[in-house]
Amino acid sequence: MIEAEYSYPFIAHAPLEPQNCTAHVTADKCELWTTSQTPAGGRTLVANTLGLKEDQVILHMVRAGGGFGRRLYNDPLVEAAFIAREAKVPVKLLWTREEDMQHDMFRPGGFHTFTAGLDASGKLIAFRNHCATFGEGERFAPSAEMSPGEYPARFVPNLRMDVSVMPLGVPTGALRAPRSNALSFAFQGFIDECAIAAGKDPLQFRIDTLKAEIAPAQPLTPQQQAGQMDAQRVIGVLEMARDVSGWGKTRLPKGTGMGVAFYFSHRGYFAEVVQATVSKAGEVKVDKVWAVGDVGSEIINPNHAEQQVQGAVLDGLGQAYGQEITFTGGKADQGNFSPATTASGSPANFPLLRIKQAPPVVEVHWKKTTFAPTGIGEPAMPPLIPALIGAIHQATGKRVRQLPLSKTDLKWV
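Residues numbered from 1 in each chain as written. Predicted model: local features only at pLDDT ≥ 70, side-chain atom pairs only at ≥ 80, totals over all residues. Heavy atoms only, no water.

Colleague: So what exactly am I meant to see when it comes to the environment of L352 here?
Modeller: For L352, the position within the fold is in the loop between β14 (331-332) and β15 (362-366). Using a relative accessible area of 24% as the deciding quantity, one classes L352 as partly exposed. Those residues in contact with L352 that lie beyond four places of it in its chain are A14, L16, Q323, F337 and Q357. (Helix = DSSP H or I, 4+ residues; strand = E, 2+ residues; numbered from the N terminus. Buried < 20%, exposed > 50% of the residue type's maximum accessible area, 1.4 Å probe, protein only. Contact = heavy atoms within 4.5 Å.)

Shown next, in the form of structure tokens:
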């Protein structure tokens, strides 16, 4: 029997361009110059706030910095429009960095207690997860939910998934690969522990488990099938990741390790291998990442697709290294990228990934299948962090169960 507890923090979207909007309101019209990931919803929200009809609200969409989910919510549009109406002049609204970071729709934190059982041959035969997250009654806070179908559901004969929710006064929302960006770390991290406890290769252990799929008690509807993970597609990207990375064939120096993880989210299948070196002082350096994706039969824009995957990898590394939002008296402690201190004198900053921390190579490969094309930007990110954690374990023997990495002492002798 294996037991472990995993946790991950609240984090902010931290777009380089803070929230902003320019608004001009007259008696019968509101014009907005802005960017939004949901412009139709933004128009409705502004119309309802100002008491206008939707066709009286005109949005001029402009090129802008990334949103990563933050620009789904349109609160700056309403703020700018309301101020412009009251001031009776055009208004350009630009949040400060501190306002943007401390008034976010945060990615929620979470806690997981895992228990797994292996038989004498090392086969996974029992699995339990108790997730402590946020919500009210049977309703989850936005992006704090967990599905009972998380892997290894369907691939282990004895399974139990429990969820407890706690009230939350902090607004939460979607961040790149909502839910999956956090759950992947916990579930894939613990699966790695199961493989090590079984004395199995972590990549082959996953493949072997996927081959033990349990048939559903009732036939699935076409809609259910469309949203369910296809084990053969996962095996396909895992096998390709094994081949392109030279998994198991490379002799690594002391302090260097390779880790692997996969994840299915947003109808995309990705397996990633990370090679990382940890110095004796505990400093982590990612040497190389291999990412293999199955997003269907055709890559519409190969150049952009490759950049999406590379960006997702860097995004995941930034989150892993040091990103965390903590709260004191209901207020977010962090407010900028540069170092700061809390009232208690402890460090409080939200560091983005630096160029010197980025891996020199992120190698992207595609496993083309006969399925219809799907998206890339979100499903490429979730496997990165657990693959990095696996590499750190192989390099140091230490198992990371809490993010960010800055909270874990990785020094070795």
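Colleague: Where do I start with the nonpolar core in this structure?
Modeller: Burial of nonpolar side chains together is a common tendency in soluble globular proteins. If you look at the biggest cluster of nonpolar residues, it comprises 82 residues, and the most contacted ones within it are F127, L210 and L388. The element that contributes the greatest number of residues to this core is helix α4 (residues 180-198), accounting for ten residues. Aside from chain neighbours lying at most four places away, what touches L210 is Y151, F155, M229, A231, V234, I235, L238 and F262. Counting residues in hydrophobic clusters, the runner-up holds 18 residues, among them A23, V25, L52 and A84. (Core = buried A, V, L, I, M, F, W, Y, C linked by side-chain atoms within 4.5 Å.)

Colleague: It is not clear to me how the sheet that holds strand β4 (residues 57-61) should be interpreted in this structure. Could you clarify?
Modeller: Across a sheet, strands are paired by hydrogen bonds formed along the backbone, either parallel or antiparallel in direction. The strand order across the open sheet built from four strands is β4-β3-β2-β5, with neighbouring strands paired in mixed fashion. Strands with a single pairing partner mark the edges of an open sheet, and in this sheet they are β4 and β5 (91-94). Neighbour-to-neighbour, the strand axes of the sheet open up by a mean angle of 20°, direction not taken into account. Where strand β3 (residues 30-34) meets β4, five bridges bridge the pair, whose relative direction is parallel. Within the sheet, the bridge partner assigned to L32 lies in β4 and is L59. Seen against the sheet, helix α1 (residues 39-50) touches β2 (20-25), β3 and β4 and runs at an angle of roughly 145° to β4. Across the sheet, helix α2 (residues 75-87) lies against β2, β3, β4 and β5, angled at about 35° from β2, the strand it touches most. (Pairing = 2+ DSSP bridges. Axes fitted to C-alpha atoms, helices over the stretch in contact; angles between N-to-C directions.)

Colleague: Before we go on, may I ask you to explain the side chain of R107 in this structure?
Modeller: The residue R107 is located in the loop between α3 (97-102) and β6 (110-118) in this model. Of the side chains with opposite charge, E324 lies nearest to the buried R107, which makes no salt bridge, at 9.0 Å. A distance of 3.1 Å separates a polar atom in the side chain of R107 from a polar atom in the side chain of N181. Ignoring anything within four residues of it in the chain, the contact list for R107 reads Y8, P9, F10, I11, G173, L175, N181, A182 and Q319. (Lys, Arg positive; Asp, Glu negative; His and termini not counted. Salt bridge = Lys/Arg side-chain N within 4 Å of Asp/Glu carboxyl O. Polar contact = N/O pair within 3.5 Å; in protein donor to acceptor, adjacent residues only side chain to side chain.)

Colleague: Would you explain the packing of α4 against helix α5 (residues 202-210) in this entry?
Modeller: How two helices pack is summed up by the angle between their axes together with the distance between the axes. For the pair α4 and α5, interaxial distance at closest approach is 9 Å and the crossing angle is 100°. In this view, α4 runs roughly perpendicular relative to α5, as classed from their interaxial angle. For the pair α4 and α5, contact is made by Q188, I191, D192, C194, A195, I196 and A198 and by P202, F205 and R206, respectively. Taken together, the residues of the contact of α4 with α5 break down into seven nonpolar, one polar and two charged. (Parallel < 35°, antiparallel > 145°, perpendicular 65-115°, else oblique. Nonpolar A, V, L, I, M, F, W, Y, C, P; charged D, E, K, R; others polar.)

Colleague: Sorry, what's going on with the packing of aromatic side chains here?
Modeller: Any two aromatic rings considered together are summarised by their centre-to-centre distance and by the angle between their planes. Counted according to the given criterion, the structure contains 14 aromatic pairs. A ring pair is formed by F106 and F327, whose centres lie 5.5 Å apart and whose planes are at 85°; its orientation type is edge-to-face. Here F106 is found in the loop between α3 and β6, whereas its partner F327 is found in strand β13 (residues 327-328), with 221 residues between them in sequence. On the basis of relative accessibility, which here comes to 2%, the residue F106 falls in the buried class. Within the aromatic cluster, the residues linked to one another by ring pairs are Y6, F114, F127, F185, F187 and F190. The ring of F371 carries R233 above its face, with NZ or CZ at 4.0 Å from the centroid. (Phe/Tyr/Trp six-rings, centres within 6.5 Å; stacked < 30°, edge-to-face > 60°. Lys NZ or Arg CZ within 6 Å of the ring centre and 35° of its normal.)

Colleague: Mind showing me how you'd approach the environment of A261 here?
Modeller: Structurally, A261 can be placed in strand β10 (residues 256-265). Look at A261 and you get buried, because its relative accessible area is 0%. Sequence separation between A261 and G122 is 139 residues, and the spatial gap between their C-alpha atoms is 19 Å. A261 has contacts with Q188, R206, F270, A271, E272, P383, P386 and A387, leaving out every residue within four places of it along the chain.

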